[in-house]
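This is what each chain is made of:
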Amino acid sequence: MIKKLSLAVVAVFMMACSTNKSVVRTSQPDPRKAAAPVAQRVKKPIYRPSNGTNTGVASQKKSSAGTNNSSEVLEATTRVKVTTEMVLAYIEKYKNIAKENMVNSGIPASITLGQAILESGAGTGPLSVQANNHFGIKCHKEWTGPSIRHNDDEENECFRKYDEPSGSFRDHSYFLTSRPRYASLFQLGKDDYAAWAKGLKAAGYATDPKYPEKLIGLIERYQLNKYDAEVLGKEYVAVVTKKEIAYSAEVEKYTVVKGDTLYSISKRFNISVEELKRKNNLVDNTLSLGQTIIVK
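Participant: Describe in detail the packing of helix α4 (residues 109-120) against helix α8 (residues 211-221), supporting the description with residues and values.
Facilitator: Packing of α4 against α8 leaves a shortest axis separation of 9 Å and a crossing angle of 110°. With respect to α8, the axis of α4 lies roughly perpendicular. For the pair α4 and α8, the contacting residues are Ser110, Ile111, Gly114, Gln115, Ile117, Leu118 and Glu119 in the first and Tyr211, Lys214, Leu215, Leu218 and Ile219 in the second. Class assignment for the residues of the contact of α4 with α8 results in 7 nonpolar, 3 polar and 2 charged.

Below, the structure written as structure tokens:
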């Protein structure tokens, strides 16, 4: 009996030990559960920068492609600063071409030269420098020659490209003579540059409302109409504006010499630049050598 009782006690003791061991085992999964979130937190930073890096590379490639494309498009130049000497040199270089075109087409040389100066910036604008296009002539449907892209009324427009500037001058004459909307111009006198300038605007040549005034101002300032007289075999008469006729005998005049600017003249005669422009009917600050201007 005692032996059986002892065996029972031993059995109970062993069961108790077995129960304690199982409790220890069931507590072990808790550290593993805690480790799982740690593993997830490690994965997220690794994953997210990887996506961010890929996105950055893609955007850099896209940006680089955009830069390459835009670098091929010439920036528009609506205003180009030129000196009087530059304009005079330009006139000297292209006056004979303008006169020859007048003989062949009937377009006044003064109009051709004036438009070329105005639209090419006396040969300094990007279209004239890189495409020998001195009149901003666009490709149009019939053009099959070389071209260049340039931002104008719209982005990346097609403009004609010439081997020589003379090709641009000839094309300008052909452009005006071949299009019906300019036909009325050729009913005007070949020495009536003012009527031609206004007629060009009326026919839709330019969108600038002050285009005729700018063109006429250039022609008169640089006496471009003397080339019309040479072609027509007429005596050249210098233009005298109404402003000059209206002034009294007390008016004081000054002849422009090399190095003069409106600012330097205004300081010399104690008069503002704006007043000088008003008295002399000037549309900008450009002066030509030998030009006579009213200073009082």
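Further notes follow.
Participant: A description of the pattern of salt bridges should follow, citing residues and the corresponding values.
Facilitator: Here the structure, examined in full by the defined rule, presents 13 salt bridges. Several salt bridges share partner residues, and in doing so they unite Glu142, Arg160, Asp171 and Arg179 into one network.

Participant: Describe the nonpolar core, naming the residues involved and giving the relevant values.
Facilitator: Core analysis: the biggest nonpolar cluster contains 36 residues, and Ile91, Ile111, Tyr182, Leu200, Tyr205 and Leu224 have the highest contact counts within it. Going through the elements one at a time, α3 (84-105), α4, α6 (165-178), α7 (193-202) and α8 are the ones with two or more residues in this core. Looking at this core, the element that brings in the most residues is α3, giving 6 residues. In terms of nonpolar packing, the next biggest core, distinct from the first, is built from 11 residues, Val256, Ile271, Leu276 and Ile293 among them.

Participant: So what's going on with the confidence of the model for the protein chain? Residues and values would help.
Facilitator: For the protein chain, per-residue confidence averages 75 on the pLDDT scale, and 68% of positions sit at 70 or higher. Segment residues 19-78 is flagged for pLDDT under 50; beyond a separation of four residues in sequence, or across chains, it makes 18 contacts in the model.

Participant: So what's going on with helix α12 (residues 273-280)? Which residues, and what values?
Facilitator: Taken residue by residue, α12 has Val273, Leu276, Lys277, Lys279 and Asn280 as its buried positions. All buried residues of α12 lie within an arc of 165° about the axis, which places them on one face of the element. After α12 finishes, the residue asparagine 281 shows a positive phi value of roughly 55°.

Participant: Account for unusual backbone geometry, with residues named and values stated.
Facilitator: In this structure, asparagine 132 is a non-glycine residue whose phi angle is positive, near 55°. Counting through the fold element by element, asparagine 132 comes out in the loop between α5 (126-131) and β1 (147-150). The backbone phi angle of asparagine 281 is positive, close to 55°, even though this residue is not glycine. Following the sequence through the fold, asparagine 281 ends up in the loop between α12 and β4 (292-294).

Participant: Report on the packing of aromatic side chains, specifying residues and quantitative values.
Facilitator: Using the criterion set out here, one finds 9 aromatic pairs in the structure. Taken together, a centroid distance of 6.0 Å and an interplanar angle of 45° make the contact between phenylalanine 175 and tyrosine 182 tilted. Each member of the pair phenylalanine 175 and tyrosine 182 is classed as buried. Geometrically, the ring pair formed by tyrosine 205 and tyrosine 211 is tilted, given 6.1 Å between the ring centres and 40° between the ring planes. What makes tyrosine 205 buried here is its relative accessible area of 16%. A residue is classified by how much of its surface remains accessible, and tyrosine 211, at 6% relative accessible area, is buried. Chaining the aromatic ring pairs together yields one cluster made of Tyr90, Tyr94, Phe135 and Phe169.

So, how was this worked out
Residues numbered from 1 in each chain as written. Predicted model: local features only at pLDDT ≥ 70, side-chain atom pairs only at ≥ 80, totals over all residues. Heavy atoms only, no water. Axes fitted to C-alpha atoms, helices over the stretch in contact; angles between N-to-C directions. Helix = DSSP H or I, 4+ residues; strand = E, 2+ residues; numbered from the N terminus. Parallel < 35°, antiparallel > 145°, perpendicular 65-115°, else oblique. Contact = heavy atoms within 4.5 Å. Nonpolar A, V, L, I, M, F, W, Y, C, P; charged D, E, K, R; others polar. Salt bridge = Lys/Arg side-chain N within 4 Å of Asp/Glu carboxyl O. Core = buried A, V, L, I, M, F, W, Y, C linked by side-chain atoms within 4.5 Å. Buried < 20%, exposed > 50% of the residue type's maximum accessible area, 1.4 Å probe, protein only. pLDDT = per-residue confidence, 0-100. Arc of directions from axis to C-beta. Phe/Tyr/Trp six-rings, centres within 6.5 Å; stacked < 30°, edge-to-face > 60°.

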